[in-house]
Protein chains: 2
Amino acid sequence: MSEELAKILERAEEAIANRDGSEVLQLCEDLHYADLAELFEDIDQDGREFLTETLGAEKFSEILAELPDTLVEKTLDSFEPEEQREILDSLPDDDRVDILQDVSDSKRRDFLELLDEDKQEDTRTLLRYDEETAGGRMTTHIGKIGAHMTVKDAIEHLRGDQESTMTLARIFVVNDEGKLVGKIRLRDLAFNAWNVSVQSLVQDVDHSILATADQEDAAQMISRYDMLILPVVDESNRLLGVITADDAFEILEEESTEDIEKGAGISGDQSEETYLNTSITSHFKRRCGWLVILAFLAILSGFVMMRFEQTLTEIYLLALFLPMVVAAGGNTGGQASTMVIRAMALGELDPEDTMQVAWKELRLGLLLGGLLAFLIGLFAVFAPPALQFTLPSGTNFTQFGCTVAIALGAQVATSTLIGALLPIGARAVRIDPAVIAAPAITTIVDVSGMVIYFTVARSILGV
Amino acid sequence: MSEELAKILERAEEAIANRDGSEVLQLCEDLHYADLAELFEDIDQDGREFLTETLGAEKFSEILAELPDTLVEKTLDSFEPEEQREILDSLPDDDRVDILQDVSDSKRRDFLELLDEDKQEDTRTLLRYDEETAGGRMTTHIGKIGAHMTVKDAIEHLRGDQESTMTLARIFVVNDEGKLVGKIRLRDLAFNAWNVSVQSLVQDVDHSILATADQEDAAQMISRYDMLILPVVDESNRLLGVITADDAFEILEEESTEDIEKGAGISGDQSEETYLNTSITSHFKRRCGWLVILAFLAILSGFVMMRFEQTLTEIYLLALFLPMVVAAGGNTGGQASTMVIRAMALGELDPEDTMQVAWKELRLGLLLGGLLAFLIGLFAVFAPPALQFTLPSGTNFTQFGCTVAIALGAQVATSTLIGALLPIGARAVRIDPAVIAAPAITTIVDVSGMVIYFTVARSILGV
């Protein structure tokens, strides 16, 4: 955020605190509704009521569309029915549907009743699509013309709708049955003679998406193919609406936050609220699940260690370097899984690439493990006397150090491979790779690291 | 990727392997250049040469713009100078500049010489901006009209340039000095009478960006304000070019991959190559740095543990549950840092929010730690006899279990706070929070966990 914007927001917060209506109005005039929504989120309940009253229903409608899900119902409820009607009526249909998806069923019925019949009908149709699908995200206000029109017809047709049409960067051409037959650009209309037929200007539509498809697929298509507008069709290729680049930004941001959070063992739907506005209860609920599961799984590793009781009591100093060996496995496994999960998210890895991934990570694991073992081995041989510690009789410091180094190398090599293959395995059994990776790797690598460590120690040191 | 597309790509790979030129041409006709670039990356060197020859220079130019940095020079070099000229000439200027930024200095000079003088001049100007700035990313082929024109002048002016203009979704209006005075939509021209003055239709430009600004700021502005096109200006507000939504998608994807990778301790610039096409050497280089640093830092934790030698030898069983306590700290610290880093990346957290974050995470840490301590405590009290193990005289199983539980609770509470505050601290001293988080948290939390664990054990069990 620019400093200038931060300053305006701060002054606006002050003006709201002072209940200075005219100052608020003046400051808000320069702000985009995305900024206004942020301002609204940052102030307390009384401030919010003051701000909504000051701005009025119509100006507020665009802000409402930018608010997090959890604030929508409460905020909309604070208006009189007539204002609610005004807000809902002035919104583009995709935003209206978004808002109605965020409120309770009974409220949704009430709010729908406020609209005139045409809009009710349109909105109900859109509400049938799941919120996370292309259909649930699309707008129906699009530039649409018939294939039989001339440039003159087309311009006149579009002119009539122009104020309610989201974008005319692409205009879609449909046949008499409403099926998508192509697209033309507004410039093709603007720069051509009026008697030219639309048919002769129409270009093929290379990409469209089914209304029932996942919204993420739609967003990735827009991003991959450098599109501004993606047409949404039904099973018979009838044009239903479009998804625009700004929807795609929102979808991709949501999905990316979700993946990052899952990777850290944070469960549940990503909240649209900002970090600071999310309640302690909701933070707690999303974080406690994996923490508890992992803590109990980690007890397992304690019981695994018990099997090496004898080794451990004979050379308790082995315990000192166990955390390093285990942690190095966690780090390299984490790197490998991060790269593989990211590559899968960008659509680079197909299931048949598994062997290639395994071969690559096996070599990498051996290289990384070899490097670490070599460095720790060097350290063991050349450690300054001050750092050398006394070991039980029969074990010398260098031998002990090399034992740790070999165990470390083996652990890093194994963990790299595990980290890369676990997400692929998860996807194969239809578990979200992002959710399995970090938690599962931690546990599996901890246990395997201990077994490797003590097995190496037993065979080299003979304890 | 859709199954249909995957099938076409597979068939194309086969056709290339069989050197079946006409089949390749036919299959490639349906493919978008983003798909063709993927195909090109997936095949071997001989296949690539065959594909470039088959497609020809002009068709290949768009593919070249989509290739990863590391492939650009080699690929362009494989063409004859006349073809190179054709490729570079047919590209939009932002893509041409991107490509020239990816080749060596001497090659860049050679390639520039191939262009006609006007293009050379334009390209040199753009090359002056750093690759990661708005100026380095912009295109100069924009719809630009003078404030004094009429609708008729404007349409005629734009019509002349229409084939080289990237997008006319927004047309920018400049004064005689080239300074940005506003924007109009193509529809405003198309739907108005020819004698209307541009001046009367012009709208304010709410957002523009300096050419020297970071490309990420430009992308976030486009995403935040639902823009299709962002004008890029110099210090005197002269219009230099635009950044479009498709650039923003690319920038945001790159930045997000970079942040994810940094968080896993993967260093260096994110490679534009796919995971499978990145060489082992380059994977190795990017991953070994943090692994080695962390392994040596982890040795520290071994020396910390040595200070508790007496406690450990007296009740060696304490070693069994140390990994669990340490890992739980890593997990909760990781969750907290992930949430805070994400909130910072989305611009939700300002430095003055630090106390709020600390207070929130302190309460969360106590809740999460309390929950875990309670559950492990329950487990200790009610553990089935089969799981109970013998302890040295003077310590009973329940007392031992409660010690572990209390240490766990304290460790989780501390680590939650550390995990949340470290990224904020990193930003305060201008270190990228994404790079510091995971590695630093692992080490700090490991050491603090050990100290907490043994201190609690000493005071409760009296060893």
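The model shown is predicted, which means the values in this text are computed figures rather than measured ones.

1. Here's the deal with the relation of the copies chain A and chain B
What relates the pair of chain copies is a rotation about an axis plus a shift along that axis. You can overlay chain A on chain B at an RMSD of 0.1 Å; the transform is a turn of 180 degrees with a shift of 0.0 Å along its axis. Taken together, these values place the two copies in the relation of a two-fold axis. Same-surface contact between copies: 100% of interface residues of chain A are shared with the interface of chain B.

2. Focus: the interface of chain A and chain B
Facing the 86 residues of chain A at the interface are 86 residues of chain B. Examining the composition of the side of chain A that touches chain B, we find that 17 residues originate from one element, helix 18 (residues 318-345) of chain A, more than from any other. Here the side of chain A that touches chain B is built from residues that sort into 53 nonpolar, 19 polar and 14 charged.

3. Details of the domain arrangement of chain A
Residues and elements named next belong to chain A. According to the domain assignment, chain A consists of domain 1 (3-137), domain 2 (144-252) and domain 3 (280-461). Put simply, the middle of domain 1 and the middle of domain 2, counted by C-alpha atoms, are 28 Å apart. Across the boundary between the two partners, domain 1 contributes eight residues, which contact 13 residues of domain 2. Among the residues making up the side of domain 1 that touches domain 2, the classes are represented as three nonpolar, three polar and two charged.

4. A short note on the nonpolar core
One broad rule of soluble globular proteins: the nonpolar side chains tend to lie buried together. Leu 230 and Val 232 of chain A together with Leu 230 and Val 232 of chain B are the most contacted members of the largest nonpolar core, which totals 134 residues. Non-local contacts of Leu 230 of chain B, meaning those with residues more than four positions away in its chain, are made with His 207, Ser 208, Ile 209, Ala 218, Met 221, Ile 222, Val 242 and Ile 243 of chain B. Residues Ile 260 and Ala 327 of chain A together with Met 324 and Ala 410 of chain B belong to the second largest nonpolar core, which totals 128 residues.

5. Looking at the pairing of strand 2 (residues 171-174) of chain A
Residue and element names in this part refer to chain A. Bridge analysis of strand 1 (residues 144-146) against strand 2 gives three bridges, and the strand direction is parallel. Looking across to strand 2, one finds that Ile 145 is bridged to Val 173. With four bridges connecting them, strand 2 and strand 3 (residues 180-184) associate as antiparallel partners. Of the residues in strand 3, the one forming a bridge with Ile 171 is Ile 184.

6. Quick look at the packing of helix 1 (residues 3-17) of chain A against helix 3 (residues 33-42) of chain A
Residues and elements named next belong to chain A. Where helix 1 contacts helix 3, the axes come no closer than 11 Å and their chain directions differ by 45 degrees. Viewed along their axes, helix 1 and helix 3 adopt a mutual orientation that is oblique. Crossing angle aside, the handedness with which helix 1 passes helix 3 is right-handed. Here helix 1 contributes Leu 5, Leu 9, Ala 12 and Glu 13 to the contact with helix 3, which in turn contributes Asp 35, Glu 38, Leu 39 and Asp 42. The residue makeup of the contact of helix 1 with helix 3, split by class, is four nonpolar, no polar and four charged.

7. Overview of helix 12 (residues 151-161) of chain A
Within helix 12 of chain A the residues assigned to the buried category are Val 151, Ala 154, Ile 155 and Leu 158 of chain A. Projected down its long axis, helix 12 of chain A carries its buried residues within an arc of 95 degrees, all on one side. Here the buried face of helix 12 of chain A lies against strand 1, strand 2 and helix 13 (186-190) of chain A together with helix 13 (186-190) of chain B.

8. Quick notes on the sheet that holds strand 1 of chain A
Residues and elements named next belong to chain A. A sheet is described by the order of its strands in space; here three strands give the open sequence 1-2-3, paired in mixed fashion. In this open sheet, the two strands that pair with only one neighbour each are strand 1 and strand 3. On average, each strand axis in the sheet is tilted by 35 degrees relative to the strand beside it, whichever way the strands run.

9. Observations concerning the pairing of strand 5 (residues 229-233) of chain A
All names here are of chain A. Here strand 5 lies mainly inside the structure; five of its five residues are buried. Burial of the side chains of strand 5 extends over both faces: Ile 229, Pro 231 and Val 233 are buried on one face and Leu 230 and Val 232 on the other. The pairing of strand 4 (residues 209-210) with strand 5 spans two bridges and is parallel. Its bridge partner being in strand 5, Leu 210 is matched across the sheet by Val 233. Here five bridges tie strand 5 to strand 6 (residues 239-244), and the two strands are oriented antiparallel to one another. Bridging from a neighbouring strand, Pro 231 pairs with Val 242 of strand 6. Counting the residues in the hairpin turn of strand 5 and strand 6 gives five residues, including Asn 237, whose phi is positive at 65 degrees.

10. Let's talk about the confidence of the model for chain A
Across chain A, the average pLDDT comes to 86, with 96% of residues at 70 or higher. The secondary structure element of chain A with the lowest average pLDDT is helix 17 (residues 309-314) of chain A, at 78, and the one with the highest is strand 4 of chain A, at 95.

11. What about the sheet that holds strand 6 of chain A?
Strand order in the open sheet formed by three strands is 4-5-6 (chain A), with mixed pairing between adjacent strands. Of all strands in the sheet, those bounded by a partner on one side alone are strand 4 and strand 6 of chain A.

12. Observations regarding the environment of Lys 144 of chain B
Residues and elements named next belong to chain B. Relative to the helices and strands, Lys 144 is located in strand 1 (residues 144-146). Note: C-alpha distance between Lys 144 and Leu 100 (44 residues apart in sequence) is 26 Å. Residue contacts for Lys 144: discarding those within four places in its chain leaves Phe 172, Val 174 and Leu 239.

13. A closer look at helix 1 of chain A
Residue and element names in this part refer to chain A. An ideal rise of 1.5 Å per residue puts 21 Å on 15 residues; helix 1 measures up with 21 Å between its terminal C-alpha atoms. Within helix 1, burial applies to Ala 12, Ala 15 and Ile 16. Here the buried residues of helix 1 occupy an arc of 100 degrees about the axis, which is enough to place them on one side. More than 90 degrees from the buried face of helix 1, the exposed residues found are Glu 3, Ala 6 and Lys 7. Buried residues along helix 1 sit against helix 2 (21-29), helix 3 and helix 4 (45-55). Two residues or fewer after helix 1 comes Arg 19, characterised by a positive phi angle close to 55 degrees.

14. What to know about the environment of Val 242 of chain A
All names here are of chain A. In this structure, Val 242 sits in strand 6. Through-space distance from the C-alpha of Val 242 to that of Pro 231 is 4.4 Å; in sequence the pair is eleven residues apart. Setting aside chain neighbours within four positions, we find Val 242 in contact with Met 138, Thr 139, Ile 142, Ile 229, Leu 230, Pro 231 and Val 232.

15. Considerations on the packing of helix 1 of chain A against helix 2 of chain A
Residue and element names in this part refer to chain A. For the pair helix 1 and helix 2, interaxial distance at closest approach is 9 Å and the crossing angle is 160 degrees. Viewed along their axes, helix 1 and helix 2 adopt a mutual orientation that is roughly antiparallel. The two elements helix 1 and helix 2 cross, and the hand of that crossing is left-handed. Packed against helix 1, whose contacting residues are Ile 8, Arg 11, Ala 12, Ala 15 and Ile 16, the element helix 2 presents Glu 23, Val 24, Leu 27 and Cys 28 at the interface.

Reading the values: rules and limits
Residue indices begin from 1 for each chain and proceed along its sequence in written order. The order in which chains are written sets their letters, starting at A; the order in which ligands are written sets their numbers, starting at 1. Where local features are concerned, this predicted model is filtered to residues with pLDDT of at least 70; where side-chain atom pairs are given and counted, the filter is 80 or more; whole-chain, interface and lining totals use all residues. Alignment of the copies relies on least squares applied to C-alpha atoms, considering only residues that score at least 70 for pLDDT in both. In this description, any two residues whose backbone-derived C-beta atoms lie within 7 Å of each other are considered to be in contact. Secondary structure is summarised from DSSP: a helix means a run of H or I of at least four residues, a strand means a run of E of at least two, and numbering begins at the N terminus for each. When residues are grouped by polarity, Ala, Val, Leu, Ile, Met, Phe, Trp, Tyr, Cys and Pro land in nonpolar, Asp, Glu, Lys and Arg in charged, and all others, Gly among them, in polar. The start and end points of each domain follow an automatic or database-based domain assignment. A set of buried Ala, Val, Leu, Ile, Met, Phe, Trp, Tyr and Cys residues, joined to one another through C-beta atoms within 7 Å, is what we call a nonpolar core. With C-beta atoms placed from the backbone, a residue is buried if 20 or more other C-beta atoms are within 10 Å of its own, exposed if 12 or fewer are, and partly exposed between those counts. When DSSP finds two or more bridges between two strands, those strands count as paired. The axes are straight lines fitted to the C-alpha atoms, using for helices just the contacting stretch, and the angles between their N-to-C directions are given from 0 to 180°. In this scheme, roughly parallel covers angles under 35 degrees and roughly antiparallel covers those over 145, while 65 to 115 is roughly perpendicular and the rest are oblique. We call a crossing left-handed when the near helix sits turned anticlockwise from the far one by less than a right angle, and right-handed when that turn is clockwise. Arc definition: it is the arc formed by the directions from the helix axis to the C-beta atoms. Confidence scores labelled pLDDT are given residue by residue by the predictor and lie between 0 and 100. Helix span, expected: 1.5 Å multiplied by one less than the number of residues in the helix.

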